[in-house]
Amino acid sequence: MNQMTEIKPLTRKDFESDQDVRWCPGCGDYAVLAQVQKLLPTLGIPREQFAFISGIGCSSRFPYYMETYGMHSIHGRAPAIASGLKLARPELSVWVVSGDGDSLAIGGNHFIHAMRRNIGLKIILLNNRIYGLTKGQYSPTSEFGKKTKTTPLGSIDRPFSPISVALGAGATFVARTVDSDHPHLLDTLRRAAEHRGTAFVEVLQNCIVFNDGAYDALANKETRDDARLLLEHGKPMRFGKDGSKGIRMRGFEPEVVTVGEGGVTEADLSVHDESAANGGLAFFLSQFAAPLPVPLGVFRAVEAPAYETLSTQLAADARAQRGSGTLEKLFNSGDTWTID
Amino acid sequence: MNTQTMTMDEPRVVGGIQKTRPIEEIKSVVIRFVGDSGDGMQLTGNEFSKSVARAGHDFATHPDYPSEIRAPTGTLFGVSGYQIQFSSGQVFTSGDAPDVLVAMNPAALKTNLPDVKHGGMIIANSGAFNKTNLQKAGYQSNPLDDGTLTDFRLYTIDIADLTNQALKDTGISKKEIGRCKNYYALGLMLYLYSRPIEDEEQNIRAKFAKKPEIAEANVIALRAGYAYAESTEMFVSTYQVRAADIKPGRYRSITGNHAAALGFVAASELAKVPLFLGSYPITPATDILQELSALKHFNITTFQAEDEIAGICSAIGAAYGGVLGLTTTSGPGMALKTEAMGLAVMLELPLVITNVQRGGPSTGLPTKVEQSDLLQAIYGRNGECPIPVIAARSPADCFDCAIEAFRIAVKYMTPVIFLSDGGIGNAAEPWRIPDPAKLRPLDVWFRTDPDGFQPYARDENLARAWVRPGTPGMEHRVGGLEKHFLTGNISHDPFNHERMVDLRAAKIAGIAKDIPQLEVEGPQSGDLLIVGWGSTYGSIVQAREQAEAAGKSVAHVHLRHLNPLPADLGDLLARYKTVLVPELNLGQLSKLLRERYLCDVIVMSKVQGKMFKVSEIYDRILELC
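Residues numbered from 1 in each chain as written. Chains lettered and ligands numbered in written order. Predicted model: local features only at pLDDT ≥ 70, side-chain atom pairs only at ≥ 80, totals over all residues.

1. Comments concerning the overall build of chain B
Right, so step 1: From N to C terminus, chain B includes 20 helices and 25 strands.
Right, so step 2: For chain B, the C-alpha radius of gyration of 27 Å lies close to 25 Å, the compact-globule estimate for 625 residues.
Right, so step 3: Considered along the principal axes of its C-alpha atoms, chain B spans approximately 85 × 60 × 50 Å.
Right, so step 4: Residue burial in chain B is summarised as follows: out of 625 residues, 54% are buried.
Right, so step 5: Within chain B, contacts between residues at least 6 apart in sequence are counted, and of these 75% link residues at least 24 apart. (Helix = DSSP H or I, 4+ residues; strand = E, 2+ residues; numbered from the N terminus. Rg over C-alpha atoms; globule rule 2.2 N^0.38 Å. Buried ≥ 20, exposed ≤ 12 C-beta atoms within 10 Å, placed from the backbone. Contact = placed C-beta atoms within 7 Å.)

In C-alpha cells:
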C-alpha cells in the first residue's frame, strides 16, 4: 500500500487508450466515454484494477478506448462474462457497457440474472432506441408504430422500459441519465460506482444517424425542464422551468399538478425515496409516459449483500469448517479398499 | 455365468458366513437389478457393487434409467436398471447379457428379459405380478407361471410381502415400508454371492443417520432378505467369485463424472491456480457441477448460470481473470455454447469445455450413451476455429483426461474440449487411488513484466502470454474481432487475418508433438487393426482378447487425442490390411481418418443408446479375419 501513495494521481488522460475513437461524429457515446474517463481517476482505484466488458453494438466498442483491462465479447453476453470475472476476482472494478439491443434483446437473460444476483457489476446501458451498428432496425425500446428498415409499415412491437425490467429483476441500484447533461451523467455514474452489488444506469443516448433527435426534448435547454423530472432523494417531485409543476398521486395514478393552483401545496406532492425497501415507488416512476415528465436520477438504491461477497464467504466458511482441502484426503474419501 | 468348479457338501465358512449348502465357484457374473424408477434399483446396484469391490473383485457397472424421474409405476417406460459385472479376472465392461436378473415388477421383466442369458437366473418379486401391473406391462397372462420362463431358472419371491412382514412391528408407515424392499433384495443377493452384510449395515446407518428409525427398518429388511435366502430351500447353491488379481494399492469405486470432478480439482491444485466452473444442469453431466459445488474448501468457485451460454461465458470471464475456467454440459448445451467457444479461440484463453455426450440430435436420448458429438467438437463452429479435443475411455480415465485437458489449455492458451459420455459418466469401476505427490505438476505462468509486452506475441508453442487483470502497466484489450498479430488491436487487414487464421491452426496442430506414442495391443502389424475412441474401449479390449485367444491376429489402438490426431497414427494405420472403427455414431472418426490419411476404414456403427456388446465386436472381427 505504501507504494500506492507514491504513485502520482491519475488523470483523465491516463484512461484514454491509443486507439482512434470510431463512433460517428456527434454520437452520444462520446459524452459517456468522456465522463467515464473523467470519473475513474477520482475513485481512488488503481487503473489496473478496472476491467470493461462489452458485447456487440456501437456502444460495445467502448473498451477499446479505455486504457484499462477490457474485453469486447459477443452479442448480449457481457454480463455473463463479467460475472465470471467478478466472481474469480472480486477485488476488480468490473464495468459492463451495453446497448438496448445487446442487453434487452439478445442478452436479456444475462441482463436480468446479473441484477437478480446483485453481483458487483456496473452496467451502463446506452439506450438510443435503435440498432445502429446494423444500420437502422428497431430495438426493444423503439416506440410502437416506429418506421425503421425492418418496420417499413410501423413497428407492432411494444417497447419496454429498461428501468422497469431492472426493477423487476430485483436490481438494488437503478438510475437513468441522459448523454446531453454532462454533470448529471457524471453524478449518476459516480453514484453507480460507489454502489455495492449491481448498479444499473440507463443512459438516454442520441444516435445521430439512425434515430436523431429521439431525446431532443431532454437535450434542449428551452424544453428540458418541462420534459424531465429530476429525482432527488427525500425531496418532493417538482419540475418545470420555474419548478412550479409537481407529481401528485391519485390512488395509483400519477398526475401533473401546479403548486399554488387549485389549492395544491408542496405537501400534496409525492416525495422521492430511493431507499424504500418496497420497490413500488421506483417501478411507478419507471412507467411514466407522456404527458408525464421523464424521470432522471436514481430510482432505487438499497443495500443488499453482493453476490461475490456471499460467494467468498461460502468458501471461507467451508474452509473454516473442513480445513483447506487436500488431494490426499479428497481422493481417499468415501468407500475405499486395499488390495495387497 | 462362468462356472469353474464344483459342489461340496460340508458346511464351510466363506466371508465370515457359515454356509450350509454347496458353493459354486464362478469366474465372473453379470447381475442386473431392474424395477420402477422409484424402486431404488440404482441404490441397490450401487450398494452391491461396493460390496463386491470390498471383496477385491474387478467390476464395471452400467446404470440405465429413464429420463422421467418417477414415471407412473408399473409402466414399461418407467423401468430403471443397474447392471454389474464382477470377476476374478479383469473386467472392462458391465457385461453383454445378465446371468441374473432381479425383476421387481412385470414391466421390468418384460423390458429386460430379451437381454438375459439363456438358462440364466431370474429372481422375480412375485407380489408385484398382480393383474394391474401385468396389464400395464402388456402381459396377457402371468409370465411367472404360464411357461414364458421355462428356459430360465426362475425364483419367485414375494419381496414386498416379506419386507412388509419383517417390518410390521417397527411402527413406520406402509409407504416407508414399501421403500425398504430394495434392501430386502440386496440382502438376498449378498447371501447368494457369499458376501457379508455387516459392512452394508454400517453403510445404511451412515446413509440414514438423520432418520434412525428408517435406518433400522432398512437394516431389518436387509437381514430379513439375507436370512430368507439362507433358510429357504429354494436356492440349491450359493456362489463365490474369487478375488481378482488386481494391482496392489488402495482403491475406490468411481463413476466417470466423479472422476472428472476429482481430476479438475487435481488440475487446480497441481497448477496452484483456482478453478472456476460455470455450468447449467443437464443430464448426464450435472454430477460434475454437483460434485464440485460441494468442494468449496478447495480453491473452487462454482456458478450455476442462468443458461448454457452464461455457463461458458462466465468461465471465459474467469479465465480472463487468471483462473482455470471450466464449463460442463451435454450435446444440446454444446450447441448453445458454440459461439462462445469461438470467442475463446479468438481470445486465446485457457478453458476446458466438458461434453458428457448423450443420444442426439436435439434433446435426443438424455440418459443414453452416444458418441455422435465428435465432429461437432472438432468442426462445429463458424470460421476456421480449431479446438483440441480429447476423449476418456473409461470412468477412471476421466480423471486423467480432466488433468490432461487443462495441461493442454494452459500450455497452449486455448480452449480444450473434453468428451466423455453417458456410458462412462454414470458407470462405475474401481479406481486405483493415485498418490497426489506423484502427479506431474502443471506449469502455469502469468506474465507480469510490462517491458516490451505485446498481448498477442507468442512463445515457441505459439501460445500468447496469460496476464491477470490487476497487473500494473499491462492494461490491454481482447475481443472477438480479428486482431493485429502482435498488438491485439482490431485489424481488418486481409493479410493479417490470413496470418492469424494460419497461426491459430498451426498452434493447435502443434499440440501433436506433446501426444505420447500410441500403445498398440496385439501385433504391431498384420491383418486387422481396430481403432477406437472413448467409451467403446472396454468392449473392444475384451473382444480383441477373445479373438486373440481364438487364434486371430487383431490389434487395437485407442485414441485419447482426437484433435490433433497423434503424429504416429498414419504410419500405424498403414501397417494393417484392414482397419475397423467401431463407433456409437454413423462413422465420425472413420470420416476423419479417411480424410486425414486417405486410408479406407470399415465403419462399425451403433446408435441404439447402448454400448457395444463384446460379442458384437467379436463377431465382426471373425467376419473380417
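2. Side note on the sheet that holds strand β22 (residues 554-559) of chain B
Working definition: the strands of a sheet are paired by backbone hydrogen bonds and lie parallel or antiparallel to each other.
Residue and element names in this part refer to chain B.
Right, so step 1: Sheet architecture is open: 5 strands sit in the order β20-β22-β21-β24-β25, paired in mixed fashion. Looking at the sheet topology across the chains shown, the edges are occupied by β20 (520-521) and β25 (602-605).
Right, so step 2: Looking at chain direction, strand β21 (residues 526-533) and strand β24 (residues 576-583) are connected through 4 bridges and run parallel. Among the inter-strand pairings, Leu528 is bridged to a residue of β24, identified as Thr578.
Right, so step 3: Contacting β21, β24 and β25, helix α19 (residues 588-597) crosses the sheet at an angle of about 145° to β24. (Pairing = 2+ DSSP bridges. Axes fitted to C-alpha atoms, helices over the stretch in contact; angles between N-to-C directions.)

3. Comments concerning the interface of chain A and chain B
Right, so step 1: Contacts between the two partners involve 51 residues from chain A and, on the opposite side, 56 residues from chain B.
Right, so step 2: Those elements that provide at least two residues to the side of chain A that touches chain B are β2 (69-72), α3 (78-88), α5 (108-117), α11 (307-322), α12 (327-331) and β12 (336-339) of chain A.
Right, so step 3: In terms of residue count, the dominant contributor to the side of chain A that touches chain B is α3 of chain A (8 residues).
Right, so step 4: Pairing of β12 of chain A with strand β11 (residues 249-255) of chain B, which is carried by 4 bridges, proceeds in the antiparallel orientation. Within the sheet, the bridge partner assigned to Trp337 of chain A lies in β11 of chain B and is Tyr251 of chain B.

4. Structural notes on the environment of Asn278 of chain A
Residues and elements named next belong to chain A.
Right, so step 1: Tracing the backbone shows Asn278 in the loop between β10 (253-258) and α10 (280-286).
Right, so step 2: Its 9 C-beta neighbours within 10 Å are what place Asn278 among the exposed residues.
Right, so step 3: Distance in space between the C-alpha atoms of Asn278 and Val302 is 9.8 Å, their sequence separation being 24 residues.

5. Quick notes on the packing of helix α1 (residues 41-54) of chain B against helix α7 (residues 198-207) of chain B
All names here are of chain B.
Right, so step 1: α7 packs onto α1 with a crossing angle of 135° between their chain directions and a minimal axis gap of 10 Å. Taken together, the axes of α1 and α7 lie oblique to each other. In the packing of α1 onto α7, the handedness of the crossing is right-handed. Facing Glu47, Ser51 and Arg54 of α1, the residues of α7 in contact are Asp199, Glu200 and Asn203.
Right, so step 2: Per-class residue counts for the contact of α1 with α7 are no nonpolar, 2 polar and 4 charged. (Parallel < 35°, antiparallel > 145°, perpendicular 65-115°, else oblique. Left-handed = near helix turned anticlockwise from the far one by under 90°. Nonpolar A, V, L, I, M, F, W, Y, C, P; charged D, E, K, R; others polar.)

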